[in-house]
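Chain and residue survey
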Amino acid sequence: MVEEVRALVIGGGVVGCSCLYHLARLGLTDCVLVERDDLTSGSTWHAAGNCPTFSTAPSLMRLQQYSVALYRRLAADAAYPINYHVTGSVRLAHTRERMDEYRHVLAMAEGLGLSYELLSPQALRERHPLVELDDLRGALWDPQDGDIDPAQLTQALASGARALGARVLRFTRVIALEALPDARWHVTTDKGEFIAETVVNAAGYRAGEIMALLGQSLPLVTLSHQYLVTGDIPELADRTARVPLLRDPDVSYYLRQERQSLILGPYEHRAQAHWLEGIPEDFSYKLFPDDLERAEPYIEAACARVPVLAQAGIRRVVNGPIPYSPDGNPYIGPAHGLKNFYHCNTFSFGITQAGGAGKALAEWVVHGAPEWDLWALDPRRFTGYATARYTLARALEVYEHEYAPAFPLEERSAGRPLRCSPLHDTLGSQGARFGVRGGWERALWYQEGEGPRAPGLTFRRGAAGFEAVAAEVAAVRSGVGIADLPGFTKFMIEGAGAERFLDRLVCSKLPRPGRIALAYALNARGGIESEFTLTRLAPDRFYAVSAASAEHHDEDLLHAHLTADAEVRITPLTEAYGTLILAGPRSRELLGAVTTTDLSNTAFPWLSARTVHIADAAVWALRVNYVGELGWELHVPRAELAAVYARLREAGRALGLRHFGLYAIDSLRMDKAYRGWKSDLEGGFTPLDAGLERFVDLRKGEFVGRAVLLRQERDGARFRMVTLLLEERGDADALPASPVFRGAERIGEVTSGAYSHTLGRSLALAYLRRAEATEGARVSVTVLGEARAARVALEAPWDPGNQRPRA
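Below: a short report on this structure. On a predicted model such as this, the values are computed, not experimentally measured, just so you know. (Residues numbered from 1 in each chain as written. Predicted model: local features only at pLDDT ≥ 70, side-chain atom pairs only at ≥ 80, totals over all residues. Heavy atoms only, no water.)

**Some thoughts on the overall build of the protein**
The number of helices and strands found in the protein is 18 helices and 38 strands. In terms of overall size, the protein behaves like a compact globule, its C-alpha atoms giving a radius of gyration of 27 Å where 807 residues would be expected to give roughly 28 Å. Its C-alpha atoms give the protein principal-axis dimensions of about 85 × 70 × 55 Å. Counting across all 807 residues of the protein, residues that qualify as buried make up 60%. Partitioning the intrachain contacts of the protein with sequence separation of at least 6 by distance along the chain shows that 71% fall at a separation of at least 24. Here the protein displays about 30400 Å² of accessible surface, and carbon together with sulfur accounts for 49% of that area. Across the protein, the 89 positively charged side chains and the 99 negatively charged ones have centroids separated by 5 Å. (Helix = DSSP H or I, 4+ residues; strand = E, 2+ residues; numbered from the N terminus. Rg over C-alpha atoms; globule rule 2.2 N^0.38 Å. Buried < 20%, exposed > 50% of the residue type's maximum accessible area, 1.4 Å probe, protein only. Contact = heavy atoms within 4.5 Å. Areas by Shrake-Rupley, 256 points an atom, 1.4 Å probe, with all protein chains shown as cover. Lys, Arg positive; Asp, Glu negative; His and termini not counted. Charge placed at Lys NZ, Arg CZ, Asp CG, Glu CD.)

Below, the structure written as structure tokens:
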């Protein structure tokens, strides 16, 4: 007999039980969880149970903040007691850079209502009397941190779900999955069959096995994380209160009280991967052999920092499996290319994130999107480039840098290079210093002569490449520059129904044939889902370009709105074309030297597209760019890219042609207040919030999110994105999530910040409360703990009338 259910959750760890609990809380009580062994038997049972709210990413901080609040409520239920100790925690800082990180995180946390404190060494001793203060600059205090019993938490979530009508089936293994024509799922287990409207893969380190049932893979690798439990320590037995959890991230370990002993957990610089050829059939409630040799340096450092540890001895060692993705973040959200199939797995910090993850997953399923934009956790952030070899290299690197500062310009090297332009080696010989975006190697800046190969590890300005970037910016503003930007997501959307399809998808007016328009696809709440540059090549043919990292996201978006009778063909072209950017006052002169096409304003106006011929190649030339100058995007067949580039370089020598990279582009786009997808534009803000009214056409027919925008037009938007011109040069630029104040009142938050080499000052983009977003208003921005005076500008501070790109 086949049983029908609304949702089926695969995996009975803390995350799977949280998913079931939150689905039931949102009304999907006809749900079932299936677990191949017993609840908690994978990674949950052996977890240390630490529950920080700390994160350098706002999305993860929100997730963890929700979790600890939920756990307090669950722990208060006498029917299901949970050992949950809210002790607070101290994070030690040995360096100026670490203190800078803490200053930024503290300001970010305050915006979420978290009361972090920055401690002097002396104040640290008052919070944790057992710690030695040698070489410390200070510490960060998180009052909500603590530890919880993972098994008790899991059982409480499962019990809460059952009380709402959901079911838990233990010792029930999924052996087959089949997508049905009506977008439901046929799930076969060794105990029976189900038809489920939705499937959630919460299988932890076995999540890849679940995808293998569908002939797919998931980028994850299992590593081992070990911690040791000491013998009893008299100094702890004599205390009436537990000592705070201690983390020493500059050394890379945590230390917390467990009854009258301590738990020491290092993130070692010799990470160990397991099961590269497959997971054992049965590993429930099992551990790996101890590997204390690789932990010795961390044990010695911890004993020096907390001397009572040295005499305690080791009672036991826990060395268990833990899954890692290539960036260390979990997967929460829709699976690419599969309708009604979601991921909620691959958690390396699953206990503290489980509560918020279950909430977000349930909102995805029930509401179509979570309350918070969680792109940093979306499974579609990785595409086909994330091979097993790449995943292993990146996961090992992440583990070994688990506690490293989140430097804004850091580019790590593991698994690279992977996706390269045909020009990669040529540009490298020209001094290109590369970073990676969406798996693609892109030039960050160009170093003349011998110089650093990577930006400095700092939160402050003046890192490697700063002067080179200034020269690149000057070349684009006064002469002509060339940039190679491989990897833009590209689709051809064509057919008799293409116009109607796109008109209902985006809120923007579609371009006429031969013209270009910036267009926004929205969600049901009116928030910005995607940003496309649409070029209309013919009445029924559109070329859509979006961010490099959006490849799977935007493919899913397009197909989700495609009906069977739409008469539309969608062809991916990301790998087929490369993109060269020509920009600057002399770009027409350069392009004119290599093509016979008339490039005058009359024949080739701003925001238009033509096919031009360069070096025998047919090139789509789009008169648009992201830097605010006269210029063209040249979309070149990949096989012809090297020849086209060589011809431009040859013709450009007489004009002083200079390469420019992503850092220069970021500085140039800030001058123009150009927004970035998923940095400035995300699903929680509408185009009206983002100050993009000119790209919204409310007079056309129905489109996704239109009703919300009509209400906002009537009642007023909640926010307004503005440019902030910081008045003191300072030595640092505003980081994302830096708070904005009017007097003592917090009125907004920065989304992007950069130094304008054009204007000689620091700029930021920020969302302010609508009433505070007035031209010339005086505000302050907290930058690494320092209040910096700033002035509000509603329009771009450079060429607000767009005279330069129209030239």
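**Points about the packing of aromatic side chains**
The way to describe two aromatic rings as a pair is by their centre distance and the angle between their planes. Under the definition given, this model contains 28 aromatic pairs. When the ring of Y331 is compared with that of F382, the centres are 6.4 Å apart and the planes differ by 90 degrees; the resulting orientation is edge-to-face. With a gap of 51 residues between them, Y331 in strand β18 (residues 331–334) and F382 in the loop between α9 (350–367) and α10 (388–400) connect regions that are remote in the sequence. The exposure classification of Y331 matches that of F382, with both residues buried. Following the ring pairs from residue to residue traces out a cluster consisting of Y254, Y267, Y324, F349, Y399 and Y403. Taking NZ or CZ as reference, R91 lies 3.8 Å from the ring centre of F54, over its face. (Phe/Tyr/Trp six-rings, centres within 6.5 Å; stacked < 30°, edge-to-face > 60°. Lys NZ or Arg CZ within 6 Å of the ring centre and 35° of its normal.)

**Observations concerning the pattern of salt bridges**
When the charged atoms of two side chains lie near each other, side chains of opposite charge can form a pair. One pass over the structure, following the stated rule, counts 66 salt bridges. The salt bridge partner of E4 is R184, with a shortest N-O separation of 3.5 Å. Here E4 is found in strand β1 (residues 2–10), whereas its partner R184 is found in the loop between β9 (174–179) and β10 (185–189), with 180 residues between them in sequence. On the accessibility criterion, E4 (52% relative accessible area) is exposed. Residue classification places R184 among the partly exposed residues on the basis of a relative accessible area of 26%. We note a salt bridge from D145 to R247, for which the minimum N-O separation is 2.5 Å. (Salt bridge = Lys/Arg side-chain N within 4 Å of Asp/Glu carboxyl O.)

**With respect to the side chain of D147**
Tracing the backbone shows D147 in strand β7 (residues 147–148). For D147, the side chain forms a polar contact with the side chain of R256, separated by 3.5 Å. (Polar contact = N/O pair within 3.5 Å; in protein donor to acceptor, adjacent residues only side chain to side chain.)

**Focus: unusual backbone geometry**
At the junction of R416 and P417, the peptide bond is cis and its omega measures out at -5 degrees in the coordinates. As for its position among the elements, P417 is in the loop between α10 and α11 (424–429). Non-glycine residue A673 carries a positive phi angle of around 55 degrees. Along the polypeptide, A673 turns up in the loop between α17 (662–671) and α18 (706–715). Judged by relative accessible area, A673 falls into the buried class, the value being 7%.

**Some points on the side chain of E35**
The residue E35 is located in the loop between β2 (31–34) and α2 (58–75) in this model. Lacking a salt bridge, the buried E35 has R36 as its closest oppositely charged neighbour, with an N-O distance of 5.7 Å. From its side chain, E35 meets the backbone nitrogen of G12 in a polar contact 2.7 Å long. Ignoring sequence-local partners within four residues, the contact set of E35 consists of G11, G12, G13, S41, L169, R170, F171 and T172.

**Some words on the environment of A576**
Take A576: it is sitting in the loop between β27 (569–572) and β28 (577–583). When sequence neighbours within four positions are dropped, the list of residues in contact with A576 reads V636, P637 and R638.

**Topic: the sheet that holds strand β31 (residues 631–637)**
Taken in spatial order, the six strands line up as β29-β30-β31-β28-β22-β32 in an open sheet, and their pairing is mixed. Either end of the sheet is taken by a strand with one partner, and the two such strands are β29 (609–614) and β32 (658–659). Examined bridge by bridge, strand β30 (residues 617–622) and β31 share three bridges and lie antiparallel to one another. Looking across to β31, one finds that W620 is bridged to H635. The sheet contacts of helix α16 (residues 641–652) involve β22 (481–484), β28, β29, β30, β31 and β32, and relative to β28 the element is tilted by about 15 degrees. (Pairing = 2+ DSSP bridges. Axes fitted to C-alpha atoms, helices over the stretch in contact; angles between N-to-C directions.)

**So, the packing of helix α12 (residues 466–478) against α17**
It is the contact of α12 with α17, at a shortest axis distance of 9 Å, that shows an interaxial angle of 55 degrees. With respect to α17, the element α12 is oriented oblique. Where α12 crosses over α17, the handedness of that crossing is right-handed. Contacts between α12 and α17 involve V469, E472, V473, V476 and R477 on the former and, on the latter, Y663, A664, S667, L668 and D671. When its residues are assigned to classes, the contact of α12 with α17 shows six nonpolar, one polar and three charged. (Parallel < 35°, antiparallel > 145°, perpendicular 65-115°, else oblique. Left-handed = near helix turned anticlockwise from the far one by under 90°. Nonpolar A, V, L, I, M, F, W, Y, C, P; charged D, E, K, R; others polar.)

**Section: the packing of helix α1 (residues 14–25) against α9**
One way to put it is that α1 packs onto α9 with a least axis distance of 8 Å and a crossing angle of 40 degrees. Overall, the two elements α1 and α9 adopt an arrangement that is oblique. As α1 runs across α9, the sense of the crossing is right-handed. For the pair α1 and α9, contact is made by V14, V15, S18, C19, H22 and L23 and by G350, I351, A354, G355, G358, K359, L361, A362, V365 and V366, respectively. Of the residues assigned to the contact of α1 with α9, the class counts are 10 nonpolar, five polar and one charged.

**Section: the sheet that holds strand β34 (residues 739–742)**
Read around the barrel, six strands follow the order β33-β36-β35-β34-β37-β38 and close on themselves; strand pairing throughout is antiparallel. This sheet shows a mean twist of 40 degrees between the axes of neighbouring strands, independent of strand direction. Alignment of strand β33 (residues 719–726) against strand β36 (residues 761–769), held across seven bridges, turns out to be antiparallel. When the bridges of β36 are listed, T723 appears paired with L765.

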